[in-house]
Amino acid sequence: MKIATSNQMQALDKTSIEEIGIPGIVLMENAGRGTLDAMELEYGPVQGRTVCIFIGPGNNGGDGLVIARHVAQRGGRPFLVFLINPEKLSGDAAINAGICNKLGFIQYIIHHEDEVRQLKQLIRQLHFRNPVHSLVDALFGTGLSRNIEGYFSDLIKFINSLSTTGKWPVVAVDIPSGLCADTGTLLGCAVQADLTVTYGLAKPGHFHHGGGLAGKLTVLDISIPHRVIKQAELRGQVLGCCGIAQMLQDRGAAAHKGTYGHLLTLAGSEGKTGAAILTGKAALRSGCGLVTLAVPAELNPIFEVSLPEAMTVPLPHSQKAFSFDDYDVICEELVNRDALVIGPGLGTDPETGSLVRRLYQELKLPMIIDADALNLLAAEPEALSKSAGVRILTPHPGELSRLIGKSILAVQKDRLGAAAQLAAGLMQDEHEVIVILKGAGTVIHSCTGDWAINTSGNNGMATGGMGDVLAGLIGGLLVQGYTPWQAAVIGVYQHGLAADILAEKSSHGFTASEVAEALPEAFMRIRDSDCSVCPACNEPCYVCSCSESLDCLHEVDNSENDTKKGKQKV
């Protein structure tokens, strides 16, 4: 599914209105009516029930006013809470405010914090007459960029408190108020939604940091023409089963181990042999043909017995850690290999650093660079711009902070921007460089400008070795003939899906080894899925934005944030 930043979405709206000629009030009408449809589908009819709608100063508030009109039309009782005097609204929002006023809807205008406190008693009185159906957050939309303060902040806290005490669901219009649409960071404070209905396309903020504030996400077609979206050439996408299924290659009946590539790994050192074993195991579980582990000579017996399906190469000059003196031996081993994974458990010995940098700069084979290899490169950042071939870097926020010279806090505040910064800095004319920023809502960003946010995975993955499994999985996919971008996005999604499979039995406590073992089942589930092509345009559903594809990918449930945060409903 394509995804749009706040500015991109505004441009799509503008094109639809000014160039195609669809009046803005038509888009607003479609948004409000469709949101109520989603509300009733999720929480039942509004007939005879009170719907509390919190109205902000912009078009988001206008959407809320459309919802109010249709609530009344369906026999419900809208209660409008305005952040500003409705007479100060403008444009399409003002038109809808005027209609609501003529229809005599109950209104309450907040000018200061005392009026927020008085609101609680009023809602209780309304609930006594007509039970509350839901609370609608139509305060601030995707264009919000400054922190929420004063009685605006008080009202958001009030909505969250009211939802908790009254056990009434909160429905966010487009995005929970206070959540940055592009970065997913809190702008002071934010509404905790149970259901978010967003318009046209999903936004990055719905998925960053696991997307917990958005609750269940539904993407609503408000009649922005498909042609307009296609012409915009949006580069971002949300990873889901449909797009991944389209990428998976068929495996031939007469295939053999030579068909599916040969991966070499440089991983493991004294005390960290497990990292190399996990990397090799994940590569094998990805379906690749052959895996060879190049390892320090003294540690070789450990690998021989721990992973019998893999071959090993004891490096003669590397005893307990990797030595630069084994560079020629490694190059000889790489002659008939298809890719190299380097970094898991590698250690940070200075000689190892020299080896990593030379391989990075001179090896023409694709490389997946993880963990200690990233830290060694970060020590001499000028080496990063001189790669000789395809490079896929898989940092966590701490590693990325060292690579771009920013704090971890700054990275986490703008994960997409941080990944884009590194990818752009590593841009090469001849080959692709991809950055995978791990974490809840993993970000994948290519130097070509393509980017994606992942939706699979859960907080049970917060344990050692998960990154080693991901590196091996991506390496295993790369040698099977997938493009670097395909290997990256398939690897990230399947890594999370394997953990989601384990979370079906236990919310946490599973290990990285078990995630690697679950990879074949994860691939089987994707191959068996039946939602890979949109019936409207015959494109993968992660590419299109057709309303017909909503059931297969445009609905993402982030509400179960204990164990299945960001997991899609398939």
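Sequence positions are assigned chain by chain, starting from 1 and proceeding in written order. Per-residue local features are limited, in this predicted model, to residues with pLDDT of at least 70; the limit for side-chain atom pairs, both in listing and counting, is 80 or more; totals at the level of whole chains, interfaces and linings are taken over all residues. In computing side-chain values, all of the structure's heavy atoms are included and hydrogens and water are not.

**A look at the nonpolar core**
- Buried Ala, Val, Leu, Ile, Met, Phe, Trp, Tyr and Cys residues that are joined via side-chain atoms within 4.5 Å together make up what is termed a nonpolar core. Throughout, exposure labels follow a simple rule: accessible area from a 1.4 Å probe, protein chains only, divided by the maximum for the residue type, with under 20% read as buried, over 50% as exposed, and the rest as partly exposed. Grouped together as the largest cluster of nonpolar side chains are 63 residues, with contacts concentrated most on I436, I444, I490, F510, V515 and I526.
- Counting only elements with at least two residues in this core, the list comes to helix 8 (241-247), helix 9 (273-285), strand 11 (290-296), strand 13 (339-342), strand 16 (433-437), helix 17 (466-479), helix 18 (484-503) and helix 19 (512-528).
- No other element matches the 13 residues that helix 18 contributes to this core.
- It only takes one pair of heavy atoms within 4.5 Å for two residues to be counted as in contact. The contact partners of I444, leaving out residues within four places of it in the chain, are L239, I434, V435, I436, D450, W451, A452, W485, A488, V489 and V492. Helix numbering and strand numbering both begin at the N terminus, where a helix is a DSSP run of H or I of at least 4 residues and a strand a DSSP run of E of at least 2.

**Looking at helix 6 (residues 150-166)**
- Helix span is expected to be 1.5 Å times the residue number reduced by one. The end-to-end C-alpha distance of helix 6, which contains 17 residues, comes to 24 Å, matching closely the 24 Å that a straight helix rising 1.5 Å per residue would cover.
- Regarding helix 6, the residues found buried are F152, S153, L155, I156, F158, I159, L162 and S163.
- Directly after helix 6, the chain includes K167, whose backbone phi takes a positive value near 55°.

**Section: unusual backbone geometry**
- Not every positive phi belongs to a glycine, and K167 is a case in point at roughly 55°.
- For K167, the location among the structural elements is in the loop between helix 6 and strand 6 (170-173).
- In this model, S223 sits at a positive phi of 85°, which is unusual for a non-glycine residue.
- Tracing the backbone shows S223 in the loop between strand 8 (216-220) and helix 7 (226-231).

**A closer look at the confidence of the model for the protein chain**
- Per residue, pLDDT captures the predictor's confidence, and it can take any value from 0 to 100. Confidence along the protein chain averages 92 in pLDDT terms, with 93% of residues attaining 70 or more.
- For the stretch residues 532-554, pLDDT sits under 50, and the model shows 65 contacts to residues farther than four places along the chain or on other chains.
- A low-confidence stretch, residues 560-570 stays under pLDDT 50, and its non-local contacts, those more than four residues away or across chains, total 40 contacts.

**Focus: the environment of A512**
- Considering the arrangement of structural elements, one finds A512 in helix 19.
- It is 30 Å that separates the C-alpha atoms of A512 and G252, two residues lying 260 residues apart in sequence.
- Filtering out sequence-adjacent residues up to four positions away, A512 remains in contact with L278, G464, G465, M466 and V469.

**Things to note about a nonpolar patch on the surface**
- Residues forming no salt bridge and having over 30% relative accessible area are the ones grouped into patches, like charges within 9 Å of each other and nonpolar side chains (Val, Leu, Ile, Met, Phe, Trp, Tyr) within 5 Å. For the area figures, the Shrake-Rupley method with a 1.4 Å probe applies, and any residue is considered shielded solely by the protein chains shown. One speaks of a salt bridge when a side-chain nitrogen belonging to Lys or Arg is within 4 Å of a carboxyl oxygen belonging to Asp or Glu. Residues I95, I99 and L103 make up a contiguous nonpolar surface patch of roughly 260 Å² in combined accessible area.
- For I99, a relative accessible area of 34% puts it in the partly exposed group.

**Remarks on the packing of aromatic side chains**
- Stacked, edge-to-face and tilted labels apply to pairs of Phe, Tyr and Trp rings (six-membered ring for Trp) whose centres lie within 6.5 Å, assigned for plane angles under 30 degrees, over 60, and everything in between, in that order. One pass over the structure, following the stated rule, counts 3 aromatic pairs.
- On the numbers, 5.7 Å between centres and 55° between planes, the contact of F140 with F152 is tilted. Separated by 12 residues along the polypeptide, F140 in the loop between strand 5 (132-138) and helix 6 and F152 in helix 6 bring together distant segments of the chain.
- On the basis of relative accessible area, F140 is assigned to the buried category, the value being 7%.
- Ring geometry for Y151 against F152: centres 4.8 Å apart, planes inclined by 80°, an arrangement best described as edge-to-face.

**Focus: the pattern of salt bridges**
- One pass over the structure, following the stated rule, counts 17 salt bridges.
- Among the salt bridges present, the one from R69 reaches E29, with a minimum N-O distance of 2.9 Å. Within this pair, whereas R69 is found in helix 3 (residues 59-73), its partner E29 is found in helix 2 (residues 24-43), the two being separated by 40 residues in sequence. For the pair formed by R69 and E29, the shared burial category is buried.
- Linking R117 and D114 is a salt bridge whose minimum nitrogen-to-oxygen distance equals 2.0 Å. Taken together, the residues span about one helical turn, with R117 and D114 both in helix 5 (residues 113-129) at a distance of 3 residues.
- Given a relative accessible area of 34%, D114 falls into the partly exposed group.

**Digging into the packing of helix 13 (residues 371-379) against helix 14 (residues 397-404)**
- Each axis is a line fitted through C-alpha atoms, taken for helices only over the stretch in contact, and angles between the N-to-C directions span 0 to 180 degrees. Running from N to C, helix 13 and helix 14 point in directions that differ by 20°, and their axes come no closer than 8 Å. Compared by their axis directions, helix 13 and helix 14 come out roughly parallel. Read as a crossing pair, helix 13 and helix 14 show a hand that is left-handed. Residue-level inspection shows A371, L374, N375 and A378 of helix 13 in contact with helix 14, the latter providing E399, R402 and L403. Any angle that falls under 35 degrees is termed roughly parallel, while one over 145 is termed roughly antiparallel, one within 65 to 115 roughly perpendicular, and all others oblique. Crossing handedness is read from the near helix: turned anticlockwise from the far helix by less than a right angle, it gives a left-handed crossing, and turned clockwise, a right-handed one.

**What about the environment of S385?**
- Within the element layout of this structure, S385 appears in the loop between helix 13 and strand 15 (391-393).
- For S385, a relative accessible area of 41% translates into the label partly exposed.
- For the pair S385 and G425, spaced 40 residues apart in sequence, the C-alpha to C-alpha distance is 7.1 Å.
- Ignoring sequence-local partners within four residues, the contact set of S385 consists of G425, L426 and Q428.
- Of the polar contacts made by the side chain of S385, one reaches the backbone oxygen of E382; its length is 3.2 Å. Identification of polar contacts relies on pairs of N or O atoms within 3.5 Å, with a donor-acceptor requirement for protein atoms, meaning one able to donate a hydrogen and the other able to accept it, and with residues adjacent in sequence counted only if both atoms are side-chain atoms.

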